[in-house]
Amino acid sequence: MHIAVVGLSHKTAPVEVREKLSIPEPQIESATGQLLNYPHIEEVAILSTCNRLEIYIVTQETEQGIREVTQFLSEHSKLLVPSLRQHLFVLLHQDAVMHILRVAAGLDSLVLGEGQILAQVKNTHKLGQQYQSIKTILNRLFKQALTAGKRVRSETSIGTGAVSISSAAVELAQMKLDNLAACQVAILGAGKMSRLLVQHLISKGTDRICILNRSLGRAEELAKQFPEESIRTCLLTEMTAVISECDLVFTSTSATEPILDRAKLEMVLEPNRCLMLIDISVPRNVHANVNEMTNVQAFNVDDLKAVVAQNQESRRRMAQEAEGLLEQEAEAFDVWWRSLETVTTISCLRDKIETIREQELEKALSRLGSEFAEKHQEVIEALTRGIVNKILHDPMVQLRAQQDVEARRRCMQTLQMLFNLDVEELFS
């Protein structure tokens, strides 16, 4: 069995490609079902965020498994395989293991050390369990990744002052505008990203904020989380009227098509009124044609790289400290992985002993006579099972506990020889 990851991220693909491959959470169940229908994919987990799409698989045939994932991504995105391949990365086993550990720790994020990715990895694990696409191997891998992410944040300083995409968006606005605190601001959407936007805007002194959402109740619920602020709420249908009064608009909705374009803005913006749009959604909420308007500045998630570049050196030093912890976590996973070599030997030994137990029990019961056998069979059955379990317990525990690979393999070879076991290798 082998672990592999096929994916793309802000490092390998621009936002216009990433949005075509994005898999919203309501589509995860269907996507995992499609992937599991391929003959060479045995386990699968899909990590889809605004900055990455990564598909983790367990497969017996690595090359075929990767080909099947690539085919799925091509069909999903409507991109031909040759044009898609130039944006994809493929990592195998140890590299794949270290990659998910780095992702969970925030070391592969656009904003180095950002905290939101850990929750996204946790959600990927939860959905994989819910849809039964994650089994023994990916379950252990994602648990190790979550442990690694928590350790890095608790044992290093990388989380101190690390910004999310939302706070990077607010920092970008502060860099580009003369007086952010005095701006009239609209936020389209009322999800987690929008909550963070409100939080960071308030920290910068901005107090004229309007939240717009398809559901007014959800917008009001978000506003109530900031009881000391006078935050307006409106339906998204009032978007153009609200934007006409704004200096700055953030978009963070789950829409799969742009909800703002040049035509809509030209209808409501006065010729001399300037507007800044910061779109942190993938797929994008703002059409690229708004850049044709002289009085509009538009930015998307890729433009946040300029903000993130600030303070990058200090975060790099923290990241080096974190890498040492990740090496320990990767080693812990590798020890577990190697211990799986013992599974077939242990299973084969147990099956052989169980067959002997059943045969000898049947002989003994036949000698005792049917009346005695019926009356006492359960007791004798439990007795023989208990004896077998106690005899096998210590050898199995010791075999699993052997961390030295060669020592463990010698133990397995000895067991196979002594008990004449016919063992088929499960892992290669």
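Residues numbered from 1 in each chain as written. Predicted model: local features only at pLDDT ≥ 70, side-chain atom pairs only at ≥ 80, totals over all residues. Heavy atoms only, no water.

Asks: Whenever I open this one, the packing of helix 8 (residues 165-176) against helix 9 (residues 192-203) confuses me. Can you help?
Replies: When two helices pack together, their arrangement is given by the angle between the helix axes and by the axis-to-axis distance. The N-to-C vectors of helix 8 and helix 9 enclose an angle of 45°; their axes lie 8 Å apart at closest approach. Here helix 8 lies oblique to helix 9, going by the angle between them. Our pair here, helix 8 against helix 9, has a crossing hand that is right-handed. Taking contact as the criterion, the partners of Ile165, Ser166, Ser167, Ala169 and Val170 in helix 8 are, on helix 9, Met193, Leu196, Leu197, His200 and Leu201. (Axes fitted to C-alpha atoms, helices over the stretch in contact; angles between N-to-C directions. Helix = DSSP H or I, 4+ residues; strand = E, 2+ residues; numbered from the N terminus. Parallel < 35°, antiparallel > 145°, perpendicular 65-115°, else oblique. Left-handed = near helix turned anticlockwise from the far one by under 90°. Contact = heavy atoms within 4.5 Å.)

Asks: What is the right way to look at the domain arrangement of the protein chain in this model?
Replies: Where interface size is given, it is often the accessible area lost as the parts come together that is meant. Domain assignment breaks the protein chain into domain 1 (2-162), domain 2 (165-304) and domain 3 (337-419). For domain 1 versus domain 2, the separation of C-alpha centres amounts to 29 Å. With eleven residues of domain 1 at the contact, the number on the domain 2 side is eleven residues. Together domain 1 and domain 2 conceal approximately 1100 Å² of surface at their shared face, both sides included; 62% is due to carbon and sulfur atoms. The three residues of domain 1 that bury the most area against domain 2 are Val15, Glu19 and Cys50, which together make up 43% of that side's buried surface. Across the contact surface, domain 1 and domain 2 share two salt bridges. Among the ionic pairs, Arg18 bridges to Asp302, the shortest N-O distance being 3.0 Å. Viewed at the interface, domain 2 and domain 1 are joined by three residue pairs in polar contact (both at pLDDT 80 or more). With four residues, helix 1 (residues 15-21) is the single largest residue contributor to the side of domain 1 that touches domain 2. Looking at side-chain class alone, the side of domain 1 that touches domain 2 contains five nonpolar, three polar and three charged residues. (Domains from an automatic or database assignment. Buried area = accessible area lost by both parts, 1.4 Å probe. Salt bridge = Lys/Arg side-chain N within 4 Å of Asp/Glu carboxyl O. Polar contact = N/O pair within 3.5 Å; in protein donor to acceptor, adjacent residues only side chain to side chain. Nonpolar A, V, L, I, M, F, W, Y, C, P; charged D, E, K, R; others polar.)

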